[in-house]
Amino acid sequence: MQANNKTVVKSMQILTLFIKYPKLTFTEMMEYSGVPKTSLHRMIGSLEEMGFLTKDAQGYYSLGLLFLQFGQLVANRLDIRSIAKPVMETLRDDVEEAVNLIVRDGNEAMYIEKVDTLHPVRLYTSIGRRSPLYAGACSRIILAHLSEKEQEEYINQTELTPIGIGTITDKKKLRNALKEAKEKGYTISTSELENFTTSVSAPILNHQNEVVAGISVAGIEARFQGDRLPFIIQKVTEAAIVISEKLGYEGSFKYQT
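Here is what the cut-offs are and how they apply
- Residues numbered from 1 in each chain as written.
- Predicted model: local features only at pLDDT ≥ 70, side-chain atom pairs only at ≥ 80, totals over all residues.
- Heavy atoms only, no water.
- Pairing = 2+ DSSP bridges.
- Helix = DSSP H or I, 4+ residues; strand = E, 2+ residues; numbered from the N terminus.
- Axes fitted to C-alpha atoms, helices over the stretch in contact; angles between N-to-C directions.
- Contact = heavy atoms within 4.5 Å.
- Buried < 20%, exposed > 50% of the residue type's maximum accessible area, 1.4 Å probe, protein only.
- Salt bridge = Lys/Arg side-chain N within 4 Å of Asp/Glu carboxyl O.
- Phe/Tyr/Trp six-rings, centres within 6.5 Å; stacked < 30°, edge-to-face > 60°.

### A short note on the sheet that holds strand β3 (residues 98–105)
Here is step 1 of the chain: Taken in spatial order, the six strands line up as β5-β4-β3-β8-β7-β6 in an open sheet, and their pairing is antiparallel. Strands at the two margins of the open sheet, each flanked by one partner only, are β5 (130–132) and β6 (187–190). Pairwise comparison of adjacent strand axes, ignoring direction, gives a mean angle of 30° for this sheet.
Here is step 2 of the chain: Where β3 meets strand β8 (residues 211–220), five bridges bridge the pair, whose relative direction is antiparallel. Note on β8: the bridge partner recorded for V99 is V217.
Here is step 3 of the chain: Of the strands in this sheet, β6, β7 (197–205) and β8 are in contact with helix α8 (residues 228–246), which crosses β7 at around 25°.

### Section: the pairing of β8
Here is step 1 of the chain: The buried fraction of β8 is high, at eight of 10 residues.
Here is step 2 of the chain: Both β7 and β8 contribute to a ladder of nine bridges, which runs antiparallel. Bridge assignment links S199 to a residue of β8, and that residue is A218.

### Thoughts on the pattern of salt bridges
Here is step 1 of the chain: On inspection of all chains with the given rule, the structure shows 14 salt bridges.
Here is step 2 of the chain: A salt bridge links E152 to R175, with the shortest nitrogen-to-oxygen separation between them at 2.7 Å. Pair noted here: E152 is in helix α6 (residues 148–157) and R175 is in helix α7 (residues 171–184), with a separation of 23 residues, a long-range link.
Here is step 3 of the chain: Residue E152 is classed as partly exposed on the basis of its relative accessible area, which comes to 30%.
Here is step 4 of the chain: Here E180 makes a salt bridge to K184, at a shortest N to O gap of 3.1 Å. Placement of both E180 and K184 in helix α7 is noted, with a separation of four residues, approximately one turn of the helix.

### What to know about the pairing of β3
Here is step 1 of the chain: Along β3, six of the eight residues are buried, which leaves the element largely enclosed by surrounding structure.
Here is step 2 of the chain: Alignment of β3 against strand β4 (residues 108–115), held across seven bridges, turns out to be antiparallel. Bridging across to β4, V103 finds its partner in M110.
Here is step 3 of the chain: The hairpin turn running from β3 into β4, its antiparallel successor, is two residues long, and G106 in that turn takes a positive phi close to 70°.

### Remarks on the packing of aromatic side chains
Here is step 1 of the chain: If you walk through the whole model with that rule in mind, you get one aromatic pair.
Here is step 2 of the chain: Between Y21 and Y32, the aromatic rings sit 4.7 Å apart at their centres with planes inclined by 10°, giving stacked as the arrangement. With Y21 in the loop between α1 (2–20) and α2 (26–33) and Y32 in helix α2, the pair connects residues that are 11 residues apart, well separated along the chain.
Here is step 3 of the chain: Under the relative-accessibility criterion, Y21 is labelled partly exposed at 24%.

Now the structure itself:
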């Protein structure tokens, strides 16, 4: 284990050389890093194979396209946070409930921003929290806006384990919930991640009409009753539209109550 850790550290030392030098030869990497020739050759081979490094016809190494993908992913998420934050604050003031921003991370959803409510009794969430895509309004709204093929692949390979008393654990019910969420333009969950809580979520779309995040209002179930629920649905959906348009989305965005 210790040897593996040392290899990872040395590999990172190699990669960080490219912060200063756009292109390097094998000899230059060996000189600047101090890594022995045999070890360096092995590490570079692994980094090339994984897409972290690429080699041109002249024998110069540079960072691979994988870094561009990672960089774009991080940039997109940071942009979404900065764009969404003031909209989330306005939404929180309108509905007086906590507002969350969630993105997809593999087969999970991850909270990347939060604006808390001032209510003394509140739902606990935190930035960095994760949840499965099938459970909770904000997670499910992302899943609902993936392609049918992606949805089926996810559903077929995922065990729907109960988390709260309202978690959907039947795959047929999940498919119906996803279809309804896509048609209505929002989704509601009750006691799915935490008992006696409710969440209302709408999708955030980019200029390519792709779902990039979900925004939700979440709180104690008792505060989502009667006329309050349609009001919250309207405000959440309006906030999602504002953020989507700021990301370049130009399509029509309708929701059904």
